[in-house]
Amino acid sequence: MDLIPRLTRVADIPPGSLVEIGPLSIRAGGCVSNTGGDLAALGAPVRLVADGGDDDLGAVLADLLGRSGAEVSFARVPGATTSYSVVIQPPSTDRTFWHHVGANAGFDGRRVDLTSADLLHVGYPPILPAILADHARPLCRLLADAHERGLTTSVDLAVVDPEAPAAGHDWERIFREALPLIDVFTPSVDDVSSALGITVDRTPSGLAATAGRLVTAGAAVVALGAGADGLVLRTASAGRLARGGRVLASLGPSWADRELWVPALPVKVVQTTGAGDAATAGLLYGLLNAMSTEDTLLLAARAAALKVGGLRTLPAHGPAGDPAEPYRLDAPGTSAPGWRSGQRGVLAGALDRGHWADLPDSV
């Protein structure tokens, strides 16, 4: 559950004070609801699998998931509390989460039914303690089982809290053992940085270099998000894609050895909660429908932009003749563009073609 108080200024908690805030939004949150719900909104058939508590919050969460338009397999664990996040989202800034793991502490993937599925997406291993046990053996077992059944596997991370138990894991080993089993990997820069203790260069070429390392380590498709600094897509060889389950195997050589970058599309920032999940949903929808790399990456960027703008997930396809195209980092002789290059107008035009010239130079 996401509990989101409306804030009109920067959050502060002075002892002994009374601070007036706006109304509270109560939403089904996290990867299952966000990515799964956005996929369902885009038109993909989705089955949501999650655990909750047998408390009052669990009843509310069950009701909200039931309205998602997806098939739901929601187990209410006896004696457990429901996982929730208090989302601190001041105007025009990134959000902070106060997170309670709750019933998610016992989720190890054993009850996930892979029947009739083409793709398995697992969200947020850093806040699923049981799935990370024994150097993430349960996660690897789930991914390997999916592969044996011909599914394409997908994983999204979360930021690793340095004070939480997840910080004590050997993340280099987890990456080394899990990435060959992960066909689609959609972490953010902050996820990777906090897990591995590294600094990621947020320029297009720097993002591409980090995504390339993740592909070299075994992933077939990596979409590395950097918020306002854009999104990079890096893909592996045709041979690795062919081993990536039914979804990737159908894409053919046009998806192999690609490296593309798209900036964050211009939109007024209303909130940032769920933007990364929306981008993942756009990416997975493109893969499930065998769209081109360019169209898939742009769909991911559009979905994130509309989420940031506080709007619904967009339809899967833009207007006819839409000229927008992500910047090809894999084109011979190219280098990463500046924010105000000629490509800026074309990309911005994908969101609102009639008004791109009015965008501020800071975009």
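Residue indices follow the written sequence of each chain, beginning from 1 at its first position. At least 70 in pLDDT is required for a residue's local features to be given in this predicted model, at least 80 for side-chain atom pairs to be given and counted, and no such filter applies to totals for whole chains, interfaces and linings, which use all residues. Note: side-chain values were computed over all heavy atoms of the structure, leaving out hydrogens and water.

Glancing now at a nonpolar patch on the surface. Together, Leu24, Ile26 and Val60 line one region of the surface with nonpolar side chains, adding up to about 250 Å² of accessible area. One can find Leu24 in strand β2 (residues 24-27). Patch construction takes residues with relative accessible area above 30% that form no salt bridge. Like charges are linked within 9 Å, and nonpolar side chains (Val, Leu, Ile, Met, Phe, Trp, Tyr) are linked within 5 Å. Method for areas: the Shrake-Rupley scheme with a 1.4 Å probe, in which residue coverage is limited to the protein chains shown. Counted as salt bridges are all cases of a side-chain nitrogen of Lys or Arg within 4 Å of a carboxyl oxygen of Asp or Glu. Strands are runs of DSSP state E lasting at least 2 residues, helices are runs of H or I lasting at least 4, and numbering of each runs from the N terminus.

The relative placement of two aromatic rings is captured by the distance of their centres and the angle of their planes. Centres within 6.5 Å make a pair out of two Phe, Tyr or Trp rings, where for Trp the six-membered ring is used; the pair is then stacked when the planes are under 30 degrees apart, edge-to-face when over 60, and tilted otherwise. Counted by the stated rule, this structure contains two aromatic pairs. Measuring from ring centre to ring centre gives 6.3 Å for Trp171 and Phe175, while their planes differ by 80 degrees; the resulting arrangement is edge-to-face. You can see Trp171 and its partner Phe175 sitting in helix α4 (residues 171-178), four residues apart, about one turn around the helix. The same class applies to Trp171 and to Phe175, which are both buried. The cut-offs for exposure are 20% and 50% of the maximum accessible area for each residue type, with area from a 1.4 Å probe on protein chains only; residues under the lower value are buried, those over the upper are exposed, and the others partly exposed.

Here we take up the environment of Leu143. Within the element layout of this structure, Leu143 appears in helix α3 (residues 133-148). Residue classification places Leu143 among the buried positions, given a relative accessible area of 0%. Spatially, the C-alpha atoms of Leu143 and Leu120 are 8.2 Å apart, while their sequence positions differ by 23 residues. Here, residues are in contact when the closest pair of their heavy atoms is within 4.5 Å. When residues no more than four places from it in sequence are discounted, the contact partners of Leu143 are Leu120, Thr153, Val155, Ala178, Leu181 and Ile182.

Of note, the phi angle at Tyr124 is positive, near 65 degrees, even though the residue is not glycine. With phi around 65 degrees, Ala136 is a residue other than glycine that occupies positive phi space. Position of Ala136 among the secondary structure elements: in helix α3. A residue is classified by how much of its surface remains accessible, and Ala136, at 0% relative accessible area, is buried.

Before going further, it helps to spend a moment on the pairing of strand β8 (residues 152-156). β8 sits mainly inside the fold: five of its five residues count as buried. The alternating pattern of β8 places Thr152, Ser154 and Asp156 on one face and Thr153 and Val155 on the opposite face, and all of these are buried. Pairing between two strands is assigned when DSSP locates at least 2 bridges connecting them. Direction of pairing for strand β7 (residues 119-123) relative to β8: parallel, over a ladder of five bridges. Residue Leu120 lies in a different strand from β8, and its bridge partner there is Thr153. Bridging between β8 and strand β9 (residues 184-185) involves two bridges; their strand directions are parallel.

The analysis is restricted to geometry; functional conclusions fall outside its scope.
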